[in-house]
Amino acid sequence: MSSVSKEHEVNKNISRSKNTILEFEHVNFSYERSSPFIDGISFSINNGEFIGLLGANGSGKSTVLKLAGGILKASNGHINLWGKSIQSYKNKDRAKLLSYLPQILDMNIPFTVKELVSMGLYPYDIPPELTVNEALEMVGLGGKAESLITNLSGGERRRVYIAMTLLQGAGLVLLDEPLANLDIKYQIELLKLLKELQEKREIAVLMALHDINIALQFKKIILIKEGKVLSIGKPEVVLTEDLLKQAFDVEVEIRRHDSGGAYITY
Amino acid sequence: MKLKLIVMVIIAFVIFGVALFIGPKFINPFSINEIEREILFSIRLPRVIVSVLIGAALGASGAVLQGILRNPLADPYILGISSGAALTAVIGIISGLSFLGIVTIPVLAFIGALITGVFVGAMGWKRGGFWPERLLLAGVGLGFLFSAMLMLIMSISSDEGLRRATLWIFGDLSLADWSIIPYGFVFITAGFAIAMSRAKALNSLILGDELSHSLGFSPRKERFILFISVGLMTAASVSLGGMIGFIGLLVPHIGRFFVGSDNKSLIPFSAVAGGILLCISDLVAKSLLSPTELPAGIITAVIGAPYFLYLLRRKNVLSI
């Protein structure tokens, strides 16, 4: 790496750190009288970051996302969106800044793809620049506007909701296990698509996931266990055999290629 | 979408016209005598208006309820509101109450419906909001209880009271009278206006509470407002003409087929289509075995039940 580009990197990092979108400060949360389920979590998300939230089943990934989305309220600590408490926003104003996509997208009412995607415009009185058809093109469903959502495959359905999220135009997108229950082909396609969209539209993404190999694709990972942060940082730092053993309670071996790639063997 | 609605409204007016002039006795609109004028304005017109109001209320509230419960099989009567209305109305009919004249029974039914609605709402409320499953189970449970009480009362009542009560339960529009129309109109219009003003929120609720929240709504608040809308429309419709089955379940599905599932168009379409369907059903009900009148509720159920079974076989309509 030349010195110029290094300097460029440093500059970029400084300017980014000024743009903290979301901040968790010692956040606690518990469901109905039980002991804390989320236990003193702190992290921050900067403008344009693509972050994987990794942890085993029941580690609190979904709860962290719901707290980040303002759906659940922290019992203790602070969650700030653009420097202001997330609970202080009006629903509509918050919806312009962040959007949340749950893991399960069940649907019994036969909306057309177009009807569903256009709900992304609900927070706005004046629609933003993107149109429904453009959003559908972006997720590769240009010809499916009139299809019924109930007739689509799991992968297509997921992309329809992502198109809705794009139309919503928020700078922070929270995705709960968007790759779960998809074939490997769709997992790769969707991950590529999300990265591409994230770069093009400069949005920050926080994605919950449990697959370690997919986590290797991220530049920044938050590893959690039992509602606590184990480690935050680059894959080389977070995805160590020791930390993964703690998080998932299994022995894994990490193999790195000379080209820079890596994979996990069991 | 607009065009389809306009076409529907035109069809509706044609059918209202037909319903006015065709009946046990045909009335030629171009040569009306005194008696025919009396029949037209005192009997047929209020009846057509009542059938349209009830049908519209049931169609619209069915669409709203299927949305707030996220269940395409929901029917306004599933909330038990109609059973509550039936219980108070039948008590009134059998004990021969008439302290408010001709509107006594409708008023009793409305009171029963409102009390039941509040009760179901209270049962469905937990942690600052309505929970679809709780509402549904509370409504079904209460409905069973009220039906049992209704059976008990009917089983110990006199023949004449029993006949009138049975007619009322199956949906009897022959009691339609000008004096009750304004009340029905006010409550149904209010419920409809609330539903229309919250159509976007209703769409978002269908996606689930978390997505509704993400899109900038407060799902629990919206469900509460929409529950009031359904309660007003259902209570008013039951008090106007008894229990008329299947319109609330059937019409929204027809609507989804014609105008799609977006509630901004589905609610008005369901209202117009519900009005048309009940108007036709009532016309059939009073013409089929003329001069004997059948309760319109039987006709809507005879049309509705087979269609309902057909829907069950269609993947497009029900993804379950």
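If you're wondering where the values come from, they're calculated on a predicted model, not measured in any experiment.

Draft legend 1. The overall build of chain A, seen in detail. On a plain count of helices and strands, chain A comes out with 10 helices and 12 strands. The C-alpha atoms of chain A give 19 Å as radius of gyration, which agrees with the globular expectation for 266 residues (18 Å, within 12%). Overall size of chain A, expressed as C-alpha extent along the three principal axes, is 50 × 45 × 45 Å. Per-residue burial for chain A yields a buried fraction of 41% across its 266 residues. A separation of at least 24 residues holds for 66% of the contacts in chain A among residues at least 6 apart in sequence.

Draft legend 2. Quick peek at the overall build of chain B. The helix and strand tally for chain B stands at 13 helices and 2 strands. Radius of gyration (C-alpha) of chain B: 19 Å, near the 20 Å computed for a compact globule of 320 residues. Projecting the C-alpha coordinates of chain B onto the three principal axes gives extents of approximately 65 × 50 × 35 Å. Looking at chain B as a whole, 50% of its 320 residues are labelled buried. Residue pairs in contact within chain B that sit at least 24 positions apart in sequence constitute 77% of those at least 6 positions apart.

Draft legend 3. Highlighting the pairing of strand β7 (residues 172-176) of chain A. All names here are of chain A. Most of β7 is tucked away: 5 of the 5 residues are buried. Of the two faces of β7, the one lined by L172, L174 and D176 and the one lined by V173 and L175 are each fully buried. Here 4 bridges tie strand β6 (residues 98-101) to β7, and the two strands are oriented parallel to one another. Bridge pairing in β7 links L98 to L172. Across 5 bridges, the pairing between β7 and strand β8 (residues 204-209) is parallel. Bridging across to β8, L175 finds its partner in M207.

Draft legend 4. Highlighting the sheet that holds strand β1 (residues 20-29) of chain A. All names here are of chain A. Judged by pairing direction, the sheet is antiparallel, and its 4 strands sit side by side in the order β2-β1-β4-β5 without closing on themselves. Strands with a single pairing partner mark the edges of an open sheet, and in this sheet they are β2 (38-46) and β5 (84-85). Looking at chain direction, β1 and strand β4 (residues 76-81) are connected through 5 bridges and run antiparallel. Looking at the pairing, L22 lines up with L81 of β4.

Draft legend 5. Summary view of the packing of helix α8 (residues 199-206) of chain B against helix α12 (residues 263-287) of chain B. All names here are of chain B. The contact between α8 and α12 brings their axes to 8 Å, and the two run at 110 degrees. By the angle between their directions, the pair α8 and α12 is classed as roughly perpendicular. Residues A199, L202 and N203 of α8 pack against N263, K264 and I267 of α12. Looking at the contact of α8 with α12, its residues break down into 3 nonpolar, 2 polar and 1 charged.

Draft legend 6. Seen up close, the sheet that holds β6 of chain A. Residue and element names in this part refer to chain A. With respect to topology, 6 strands assemble into an open sheet ordered β6-β7-β8-β3-β9-β10, the strand pairing being mixed. The strands lining the two open edges of the sheet, one partner per strand, are β6 and β10 (228-233). In this sheet, adjacent strand axes meet at a mean angle of 15 degrees when their direction is disregarded.

Draft legend 7. Main features of the confidence of the model for chain B. Residue and element names in this part refer to chain B. Across chain B, pLDDT averages 87, with 96% of residues at or above 70. Mean pLDDT across the elements of chain B bottoms out in strand β2 (residues 129-130) (74) and peaks in α8 (96). Our summary of model confidence lists the complex with pTM equal to 0.88 and ipTM equal to 0.87.

Draft legend 8. Representation of the environment of S83 of chain B within the structure. Residue and element names in this part refer to chain B. When you line up the elements, S83 lands in helix α3 (residues 81-94). Residue S83 is classed as buried on the basis of its C-beta count, with 27 C-beta atoms lying within 10 Å. On a C-alpha basis, the gap between S83 and V302 in space is 20 Å, while along the polypeptide they are 219 residues apart. With sequence-adjacent residues up to four places away left out, S83 is seen in contact with L142, G143, F146 and S147.

Draft legend 9. Up close: the nonpolar core. Residues A163 and L172 of chain A are the most contacted members of the largest nonpolar core, which totals 168 residues. With 13 residues, helix α2 (residues 34-68) of chain B is the largest single contributor of residues to this core. With near-sequence residues (within four places) excluded, A163 of chain A lies in contact with V117, A135, L136, M138, V139 and L141 of chain A.

Draft legend 10. How the structure looks around the interface of chain A and chain B. Listed by partner, the interface residues are 22 residues for chain A and 24 residues for chain B. Put simply, the parts of the chain that give the side of chain A that touches chain B at least two residues each are α3 (91-97) and β6 of chain A. When its residues are assigned to classes, the side of chain A that touches chain B shows 12 nonpolar, 7 polar and 3 charged.

Draft legend 11. Summary view of the environment of K234 of chain A. Residues and elements named next belong to chain A. Along the polypeptide, K234 turns up in the loop between β10 and α9 (235-238). The exposed category is assigned to K234, around which 11 C-beta atoms lie within 10 Å. Each C-alpha atom of the pair K234 and I221 lies 6.1 Å from the other, and the pair is 13 residues apart in sequence. Once residues lying within four places of it in the same chain are set aside, the contact partners of K234 are K219 and K220.

Parameters at a glance
Residues numbered from 1 in each chain as written. Chains lettered and ligands numbered in written order. Predicted model: local features only at pLDDT ≥ 70, side-chain atom pairs only at ≥ 80, totals over all residues. Helix = DSSP H or I, 4+ residues; strand = E, 2+ residues; numbered from the N terminus. Rg over C-alpha atoms; globule rule 2.2 N^0.38 Å. Buried ≥ 20, exposed ≤ 12 C-beta atoms within 10 Å, placed from the backbone. Contact = placed C-beta atoms within 7 Å. Pairing = 2+ DSSP bridges. Axes fitted to C-alpha atoms, helices over the stretch in contact; angles between N-to-C directions. Parallel < 35°, antiparallel > 145°, perpendicular 65-115°, else oblique. Nonpolar A, V, L, I, M, F, W, Y, C, P; charged D, E, K, R; others polar. pLDDT = per-residue confidence, 0-100. Core = buried A, V, L, I, M, F, W, Y, C linked by C-beta atoms within 7 Å.

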